[in-house]
2 protein chains.
Amino acid sequence: MELDEIIRQIQPLDERAMGQAQMRQNRLTKPPGSLGRLESLSIQVAGITGQIPPRVDPKVIFVMAGDHGVTEEGVSAYPSEVTAQMVLNFLHGGAAINVLARHVGAKVVVVDLGVKGPLEPRPDLVSAKIAPGTQNIARGPAMSRDQALQAVLKGYELALAEIRAGAQMLATGDMGIGNTTPAAAIAAALTGRAPSLCVGRGTGVDDSGLLRKISAVERALVVNRPNPQDGLDVLAKVGGFEIGGLVGAILAGAAHRRPVVVDGFISTAAAMIAVRLSPLVRPYLIAAHRSKEQGHSLMLEWLGLEPVFDLEMRLGEGTGAALAMSVVEASCKILAEMATFEEAGVSEKL
Amino acid sequence: MELDEIIRQIQPLDERAMGQAQMRQNRLTKPPGSLGRLESLSIQVAGITGQIPPRVDPKVIFVMAGDHGVTEEGVSAYPSEVTAQMVLNFLHGGAAINVLARHVGAKVVVVDLGVKGPLEPRPDLVSAKIAPGTQNIARGPAMSRDQALQAVLKGYELALAEIRAGAQMLATGDMGIGNTTPAAAIAAALTGRAPSLCVGRGTGVDDSGLLRKISAVERALVVNRPNPQDGLDVLAKVGGFEIGGLVGAILAGAAHRRPVVVDGFISTAAAMIAVRLSPLVRPYLIAAHRSKEQGHSLMLEWLGLEPVFDLEMRLGEGTGAALAMSVVEASCKILAEMATFEEAGVSEKL
């Protein structure tokens, strides 16, 4: 499928379903509005799915992995080989995302979009490798425009396959040593804010590492001149393969009316590109949490999204999104399972 | 059991278990600290239980109900009869707390500590009625000191029975039309802050209702002169039967080394009284959320607790606590189930 065709599928939310969900919330046995975000999330998901009550299970978390040439600038506290090692950890079920996905009852789909290190083929690893890592964005484009398009289309196809298999709610997650640097570059390119405001410590670089990251992002913008009006150009010039895959998964959710729970810093960069490709994507997004990574708040502000919670997390992998999926599911169960004042014989407001 | 004996059972957290939990968190396959509150919660629960990893399931939520004489001052948007009606709604499984407790896999124990309206005996309703509603605190004490003690001891016994039956984590919830007024009075009495800062709109009173509430709390403090150094005196003079029951459940959790997840405004008032009875209670508490009810932040500040999340909820019943229990459980699963760097063969920080 062509990208233009995908984008044309994305429609506004179902206002009628939202109005009905709001009316039902007001008739449930509680003071109107007293469940706060649980009420507004359920109304949003009704608008996304067009269903009352909306179904959000089965739930699928995409953990997309890729490596980054910019690591040669000394921007990460961990070596690149950790990307492939962590992919194996995901497949063995020992990573944080596995624990949290099991806790909330979500399936994890692990995808290699561009891991540098060797990964043997396995039935539980989706191989969609565009190339073994991006080029160094501080010296030139991360990838070609065609590769960026390929990454987006791969992510779309994979998410579409899960939707066809029954997935009702999607979430995004990432793995890629060095990927807070391209994510910060995307944020700087699209918001127009200074790199120093967009760059954080990622996995935990020290002060000199932080200065190297800021410098790498500054050079990436100068060398590549990404066009902030063109999402695919930003992705190709300063992005990453796993970020491209996440853009595609987000577009698939919006095109097929599934809520997309967006994890932290990397996933939010992907969401920004998806929204730049089509502003109609925005209401399909639920920001899981406010990451501790500096710059994330700027990204959420640009998107106009208020995160579900702030647990001071900054791990990625989809860990924040997994917990937020459970809150979204709770909000839909409220709409589905609570009794109304009439049903329960409870007196209404004086 | 005597109250003094209960309080003497409460011991400081297990520092050795906390140190071991912190060390294990640092060896798990993630940058140290990157799971934020999930890490600190798991360490706290290790200290509470003395176990690594700590067990927090089975989970029990106490929803304690009582009526309030102060409703005759026009302080609530709903009639008193709603307390008994909502108790039946809890027993039929149609209230928000039922939906959220099912979602997180927690048991709900519904207790009548002092409901005014008629409630037929039922096997699924714990009858521990001290009296059919408190007296009007704007005109005199809510209850006698002996009744306050009875309410606390009842709550303690009920929680102890659940702990003996296997409960590993407790949460508090409440139902009582009018009970944001005594909760605000407790907050004002213990913090010394002005009633106008402690009183909020509860279930949704209008501006004149809000002024009546503030006036009722002001008169309650003047008429009763609760002694802020004496938790039982504050409970008796300006509290409520369900609040007393919650104080007892909180003391039971602390005395028997179980984490106690504290819900919103009413539950936090109970937590304040428990902490005034013994400051050693404080580290056993996990504040679930920041309620929209004005005054809740002052209470959390007095307790020195940072809530797990802020979903703009203000319903009570234990609804915020139910969702927070799931986050606490997730934090303990992280400690139990994640692989270490050695186990997963993942390279450590450069």
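Quantities reported herein were computed from a predicted structural model and do not represent experimental measurements.

> Just to check I follow, could you spell out the pairing of strand β4 (residues 169–175) of chain A for this structure?
Side chains on a regular strand alternate between the two faces of the sheet. All names here are of chain A. The buried fraction of β4 amounts to seven of the seven residues, a majority that puts the element mostly inside the structure. By the alternation rule, side chains of β4 split into M169, A171, G173 and M175 and L170, T172 and D174, which are all buried. Here strand β1 (residues 59–66) pairs with β4 via seven bridges, running parallel. Looking at β4, one finds that I61 is bridged to A171. Pairing analysis gives two bridges linking β4 to strand β5 (residues 260–262), with the strands arranged parallel. For A171, the partnering residue across the bridge sits in β5 and is V261.

> It is not clear to me how the interface of chain B and chain A should be interpreted in this structure. Could you clarify?
When the parts of a complex come together, some accessible area is lost, and that lost area is often used as the size of the interface. Counting residues at the interface gives 56 residues for chain B, matched by 56 residues for chain A. Across the chain B/chain A interface, buried area totals approximately 4,500 Å², and carbon plus sulfur atoms make up 63% of it. It is Y78, H103 and L311 of chain B that lose the most area in chain B upon contact with chain A, and together they represent 13% of the buried surface on that side. For the pair chain B and chain A, the number of links is two salt bridges. With a closest N to O distance of 2.9 Å, E337 of chain A and R102 of chain B form a salt bridge. Linking chain B with chain A are 24 residue pairs in polar contact (both at pLDDT 80 or more), by the criterion used here. Within the residue set of the side of chain B that touches chain A, elements represented by two or more residues are α3 (37–49), α4 (81–92), α5 (96–104), α14 (319–337) and α15 (341–344) of chain B. Considering each element in turn, the side of chain B that touches chain A owes the most residues, nine residues, to α14 of chain B. Among the residues making up the side of chain B that touches chain A, the classes are represented as 28 nonpolar, 15 polar and 13 charged.

> Just to check I follow, could you spell out the sheet that holds β1 of chain A for this structure?
What links the strands of a sheet is backbone hydrogen bonding, and the strands pair in either a parallel or an antiparallel sense. Residue and element names in this part refer to chain A. Strand order in the open sheet formed by six strands is β3-β2-β1-β4-β5-β6, with parallel pairing between adjacent strands. Every other strand in the sheet has two partners, leaving β3 (125–127) and β6 (285–287) as the edge strands with one partner each. Adjacent strand axes in the sheet meet at a mean angle of 30°, parallel and antiparallel pairs treated alike.

> What is the right way to look at the pattern of salt bridges in this model?
For side chains bearing opposite charge, pairing can occur when the charged atoms are close. Residues and elements named next belong to chain A. All chains considered together, the criterion is met by 32 salt bridges over all chains. A salt bridge links K237 to D233; its shortest N-O distance comes to 3.1 Å. A residue pair is termed a helical-turn pair when its members lie 3 or 4 positions apart in one helix, as K237 and D233 do in helix α10 (residues 231–238) at four residues. Each member of the salt-bridge network shares a partner with another, and the members are E72, E73, R139 and R219.

> Which parts of the structure should I look at to understand the relation of the copies chain B and chain A?
The second copy of the chain is related to the first by a rotation about an axis and a shift along the axis. With an RMSD of 0.0 Å, the operation that places chain B on chain A is a rotation of 180° combined with a shift of 0.0 Å along the axis. Both copies are brought into coincidence by an operation consistent with a two-fold rotation axis. Nearest to the rotation axis, the C-alpha of F309 of chain B is located 2.8 Å from it, this being the minimum over chain B. When you check the interface residues of chain B against chain A, 100% turn up at the interface there too, and the contact is symmetric in its surfaces.

> Just checking my understanding: could you explain the domain arrangement of chain A for this structure?
All names here are of chain A. When cut into domains, chain A gives domain 1 (3–53 + 335–344) and domain 2 (59–327). Using only C-alpha atoms to locate each centre, domain 1 and domain 2 end up separated by 29 Å. With 17 residues of domain 1 at the contact, the number on the domain 2 side is 24 residues. Between domain 1 and domain 2 the total buried area reaches about 1,800 Å² when both faces are included, carbon and sulfur atoms providing 68% of it. Contact with domain 2 buries surface across domain 1, with L3, I10 and I48 losing the most and accounting together for 34% of the total.

Reading the values: rules and limits
- Residues numbered from 1 in each chain as written.
- Chains lettered and ligands numbered in written order.
- Predicted model: local features only at pLDDT ≥ 70, side-chain atom pairs only at ≥ 80, totals over all residues.
- Heavy atoms only, no water.
- Buried < 20%, exposed > 50% of the residue type's maximum accessible area, 1.4 Å probe, protein only.
- Helix = DSSP H or I, 4+ residues; strand = E, 2+ residues; numbered from the N terminus.
- Pairing = 2+ DSSP bridges.
- Contact = heavy atoms within 4.5 Å.
- Buried area = accessible area lost by both parts, 1.4 Å probe.
- Salt bridge = Lys/Arg side-chain N within 4 Å of Asp/Glu carboxyl O.
- Polar contact = N/O pair within 3.5 Å; in protein donor to acceptor, adjacent residues only side chain to side chain.
- Nonpolar A, V, L, I, M, F, W, Y, C, P; charged D, E, K, R; others polar.
- Axes fitted to C-alpha atoms, helices over the stretch in contact; angles between N-to-C directions.
- Least-squares fit on C-alpha atoms with pLDDT ≥ 70 in both.
- Domains from an automatic or database assignment.

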